[in-house]
Amino acid sequence: MLKGFANAFRIPELRKKILFTAAILLLYRFGAYLPVPGVPFRDMLEAYQNAAAGSGALAVLNLFSGGALSRISVFSLGIMPYITSQIIMQMMQTVIPSLGELAKEGEAGQRKITQYTRYLTVVLALINAIGYLFLFLSYGIDFSQSPVPTVLQYIVIVLTMLVGAMIIMWLGEVMTQRGIGNGMSLIIFTNIMAGLPTALISSMRTSSKGMILTAITLVIILAIIPLIVYIERGQRRIPVQYAKRVIGRRMMGGQSTYLPIKVNTAGVVPIIFASAILYLPAQLAVFFPNVAWIQRFANAISTGWINWILSVFLIVFFAYFYTSMVFNPEETADQLRKAGGFIPGVRPGSATAAYIKSVLDHITLPGAIFMAALAVIPSIIFYFTSNQLIQAFGGTSILIMVGTAMDTIASLESQLKMHNYEGFFK
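A brief structural summary. All values derive from a computational prediction rather than experimental measurement.

Conventions we followed
- Residues numbered from 1 in each chain as written.
- Predicted model: local features only at pLDDT ≥ 70, side-chain atom pairs only at ≥ 80, totals over all residues.
- Heavy atoms only, no water.
- Helix = DSSP H or I, 4+ residues; strand = E, 2+ residues; numbered from the N terminus.
- Contact = heavy atoms within 4.5 Å.
- Areas by Shrake-Rupley, 256 points an atom, 1.4 Å probe, with all protein chains shown as cover.
- Pairing = 2+ DSSP bridges.
- Phe/Tyr/Trp six-rings, centres within 6.5 Å; stacked < 30°, edge-to-face > 60°.
- Lys NZ or Arg CZ within 6 Å of the ring centre and 35° of its normal.
- Axes fitted to C-alpha atoms, helices over the stretch in contact; angles between N-to-C directions.
- Parallel < 35°, antiparallel > 145°, perpendicular 65-115°, else oblique.
- Left-handed = near helix turned anticlockwise from the far one by under 90°.
- Salt bridge = Lys/Arg side-chain N within 4 Å of Asp/Glu carboxyl O.
- Core = buried A, V, L, I, M, F, W, Y, C linked by side-chain atoms within 4.5 Å.
- Buried < 20%, exposed > 50% of the residue type's maximum accessible area, 1.4 Å probe, protein only.

**Structural notes on the overall build of the protein chain**
A count of helices and strands for the protein chain gives 19 helices and five strands. Considering only intrachain contacts with a sequence separation of at least 6, the fraction spanning at least 24 residues in the protein chain is 73%. Per element, the accessible surface of the protein chain, about 21700 Å² overall, is 66% carbon and sulfur.

**Let's talk about the sheet that holds strand β4 (residues 256-262)**
A sheet is described by the order of its strands in space; here three strands give the open sequence β4-β1-β5, paired in antiparallel fashion. Either end of the sheet is taken by a strand with one partner, and the two such strands are β4 and β5 (341-342). Relative to β4, strand β1 (residues 235-242) runs antiparallel, the two being bridged by seven bridges. The residue bridging Q241 from the neighbouring strand is S256, located in β4.

**Section: the packing of aromatic side chains**
Tallied over the full model, the rule gives five aromatic pairs. Aromatic rings pair up to connect F313, F317, F318 and F321 into one cluster. Above the plane of the ring of Y33 lies R71, whose end atom (NZ or CZ) is 3.8 Å from the centre. Sitting over the face of the ring of F20, R178 holds its NZ or CZ atom 4.7 Å from the ring centroid.

**Digging into the packing of helix α16 (residues 329-338) against helix α17 (residues 350-385)**
Interhelical geometry of α16 versus α17 gives an angle of 130° and a closest axis separation of 8 Å. The orientation of α16 relative to α17 falls into the category oblique. The chirality of how α16 crosses α17 is right-handed. Where α16 abuts α17, its residues P329, E330, T332, A333 and L336 lie against T352, A353, I356 and K357.

**Brief notes about the pattern of salt bridges**
One pass over the structure, following the stated rule, counts three salt bridges. Here E13 makes a salt bridge to K17, at a shortest N to O gap of 3.9 Å. Of this pair, E13 and K17 are both found in helix α2 (residues 12-33), four residues apart, which corresponds to roughly one turn of the helix.

**Observations concerning the pairing of β1**
In terms of strand pairing, β1 meets β5 through two bridges, oriented antiparallel. Looking at β5, one finds that Y242 is bridged to G341.

**A short note on the nonpolar core**
Counting 86 residues, the largest nonpolar core has I79, I83, Y132, F136, M161, I188 and I261 as the members making the most contacts within it. The next biggest cluster of nonpolar side chains, apart from the first, holds six residues, and it includes I11, I18, I180 and L416.

Everything listed here is a matter of geometry and, on its own, says nothing about what the molecule does.
Structure below.
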């Protein structure tokens with residue numbers, strides 16, 4: 001692997017992409033520590049952080065913002081408004097026919113959908129920013145120390161967080177276009193890794209056996225990572241035979257190959273989408289900080305047995321939903337027919353499409369159940385142990401981190417092989 005990284009830096013184009021991505025992530029982390037105008041002194045801010053840490057919903061929101069929410073920083077909203085808008089737009093494509101047709105128009109249609117997603121992100125970010133302002137005020141944060149009028153100060157805070165969300169969206173898109181991978185996943189990866197040192201220290205200080213529990217947790221995490229990699233790289237290979245054809249004076253075709261179908265075709269997207277949906281009540285609860293039943297409802301959705309059941313359901317649902325969007329059996333069957341290929345024992349056309357769909361449905365289920373179990377089991381353990389390391393580095397976090405790392409390495413490896421260099425895996 002070290003040789004693969006060394007080879008990557010020998011290619012000027014790839015080296016620029018890696019350094020550009022690293023610079024964007026550093027800029028993002030700087031924004032996570034840059035406070036909004038009018039943030040009070042440290043003693044009042046520490047009181048707010050301690051109070052927010054006791055709320056399960058806010059603790060999870062803070063985790064996915066990389067600690068920016070607890071610092072009342074410019075990037076307090078994090079990447080969630082952008083992810084939520086993407087979920088809404090993708091689901092609307094199946095409901096609104098015009099959006100569905102727009103998605104099939106190729107690059108031009110995708111640009112329009114991306115533009116609509118940006119507009120929706122602005123609306124959601126504005127709503128979240130107003131809600132977070134109420135949240136800060138409910139926890140006793142006093143912004144009146146600023147020399148400007150209070151109302152104007154509130155407007156500045158909301159607009160600052162809104163602009164911060166727009167910058168995060170832009171950073172994610174720029175990394176996707178000019179960097180080495182999916183910018184959205186890399187930002188979430190960075191947020192999770194940023195909370196690891198604090199989680200380690202908190203885990204070791206929880207009790208007299210904190211060091212032992214932390215060591216056991218780390219061993220379990222390291223043991224689970226190879227299993228995740230094994231599932232992520234697993235695939236079902238459907239045999240495909242190409243008929244012989246005479247083109248001019250040459251005999252073409254006749255070879256055998258296979259159609260690979262991954263066990264986890266959707267990758268980390270179901271985990272990210274399910275997390276965004278489950279944390280939506282927590283984001284809405286900030287508008288009503290003094291309403292007890294709303295706070296209880298948000299905490300119940302964010303932690304506890306309701307969260308576990310909904311997590312399993314949503315992860316399985318989004319695994320099938322996203323797989324159906326990225327893999328179309330009808331188009332695959334039609335392409336095979338046009339190329340003269342067929343699956344042995346299956347008639348070309350609709351029968352081939354039905355066979356591929358059946359295989360896809362059967363193979364998606366175990367992958368989705370595996371992801372759901374890995375996301376829920378650590379949450380159950382954290383619920384009974386309150387170990388901060390499990391919360392920050394639990395199943396959801398590990399899946400996102402390993403999936404993002406594998407996608408990034410795969411992207412780098414494909415570009416290395418284009419330049420005749422050895423990849424990361426031999």
